[in-house]
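Coordinates in review
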Amino acid sequence: MDNATPHEPNASDEASGDRRRISRKGLLKAALVASAAPLLAGGGVALARDAAATGDGPLALTPECDDGDDTTPPQMEGPYFKPNSPRRTSLVTPSTPGVPLTVSGYVFGRACRPISGALLDFWQADTNGAYDMVRFDFRGHQFTGADGSFSLTTIVPGLYPGRTRHIHVKAQAPGGRILTTQLYFPNEPRNNTDALFDPRLLMNVRNVGNGRQGTFDFVLDVAQTPGPTDPPTDPPTEPGTSWAVGTSYRAGDRVTYGGVAYRCLQAHQAVSGWEPPHVPALWERG
């Protein structure tokens, strides 16, 4: 990655769980381990973009953190990290074996504001549980967009002895310290036996066609100072065009459906059954 290569790889790993306050998001994720019942209306764990007060209101155009008090916990780098990964948002080709997976979300700072240009460096095992240490298969880095968003196209990683399914990532705000951590999948049997598994790092994952979609929001230990001169972005007044099957939508696109305005959260092509009120992972009201 040349100049984009993460530096000071252990700088952020000194954080102690004892210094973190218990947040609503942390409690919900911890409860997921003890219960198979859905915790939210969407059947997943809370994301950092959830509304702070009640979690049940419509989101502003700029997503909000839940409490602003719980940064994403660090985890060990492990033996398979390689620097200088290529810059790319897809780690696969059409012929890559495995279950297709997209992972998307946002990167926030401590004041619950999105971080533009944050570095995310991903690496993982292939479908057979093996890491490529010769080339850069299933390795790549990218930077968040102006709204703090990211999207990764890959496959569900395979299992190998001693570990549950996981994806490694290094996250770094421009000029900031590196967070090294791992993302996990819900309802994996090995989550109960993997000593590194942390329920606070669970993604929201749903089946879509022959693949899966995961979402996760990173909160970095970056100081931010929002104020009256720097408010969150207000939704535009124009609701956009009517939602239609077969249309390719991008994150941020606005449509109307049934007389209600919605904003697209993840890029996708609309199909019957994915109407905005039915898929909160793809559309939010407002």
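Refer to the preceding data block for the structure.
A brief structural summary. (Residues numbered from 1 in each chain as written. Predicted model: local features only at pLDDT ≥ 70, side-chain atom pairs only at ≥ 80, totals over all residues. Heavy atoms only, no water.)

Focus: the packing of aromatic side chains
Tallied over the full model, the rule gives eleven aromatic pairs. Each ring, one from F122 and one from F150, has its centre 6.1 Å from the other, and the planes form 35°; the classification is tilted. In this pair, F122 sits in strand 2 (residues 119–123) while F150 sits in strand 4 (residues 149–155), placing the two residues 28 residues apart along the sequence. Through a chain of ring-to-ring contacts, three or more aromatic side chains come together here, namely F122, F150, F216 and F218. Over the aromatic face of F136 sits the side chain of K82, whose NZ or CZ is 4.1 Å from the ring centroid. Above the face of the F81 ring, K170 is positioned so that its terminal group lies 4.8 Å from the ring centre. (Phe/Tyr/Trp six-rings, centres within 6.5 Å; stacked < 30°, edge-to-face > 60°. Helix = DSSP H or I, 4+ residues; strand = E, 2+ residues; numbered from the N terminus. Lys NZ or Arg CZ within 6 Å of the ring centre and 35° of its normal.)

What to know about the sheet that holds strand 5 (residues 166–172)
Picture the strands of a sheet paired through backbone hydrogen bonds; they go either parallel or antiparallel. Sheet architecture is open: four strands sit in the order 3-2-5-6, paired in antiparallel fashion. Here the strands that pair on one side only, and so sit at the sheet edges, are strand 3 (139–143) and strand 6 (178–184). Taken over all neighbouring pairs, the strand axes of this sheet differ in orientation by 20° on average, direction set aside. Judged from the five bridges that link them, strand 2 and strand 5 form a sheet pairing that is antiparallel. Across the sheet, residue W123 finds its bridge partner in strand 5, namely H168. (Pairing = 2+ DSSP bridges. Axes fitted to C-alpha atoms, helices over the stretch in contact; angles between N-to-C directions.)

Here's the deal with the environment of G176
Of note, G176 is situated in the loop between strand 5 and strand 6. Owing to a relative accessible area of 18%, G176 belongs among the buried residues under this scheme. Each C-alpha atom, one on G176 and one on L119, is 9.9 Å from the other, the two residues being 57 residues apart in sequence. (Buried < 20%, exposed > 50% of the residue type's maximum accessible area, 1.4 Å probe, protein only.)

Description of the sheet that holds strand 12 (residues 254–257)
The sheet built from four strands is open, its strands ordered 10-12-13-15 with mixed pairing. On the outer flanks of this sheet lie strand 10 (241–242) and strand 15 (283–285), each paired with one strand and no other. Relative to strand 15, strand 13 (residues 260–264) runs antiparallel, the two being bridged by three bridges. From the neighbouring strand, R263 faces strand 15, where its bridge partner is E284.

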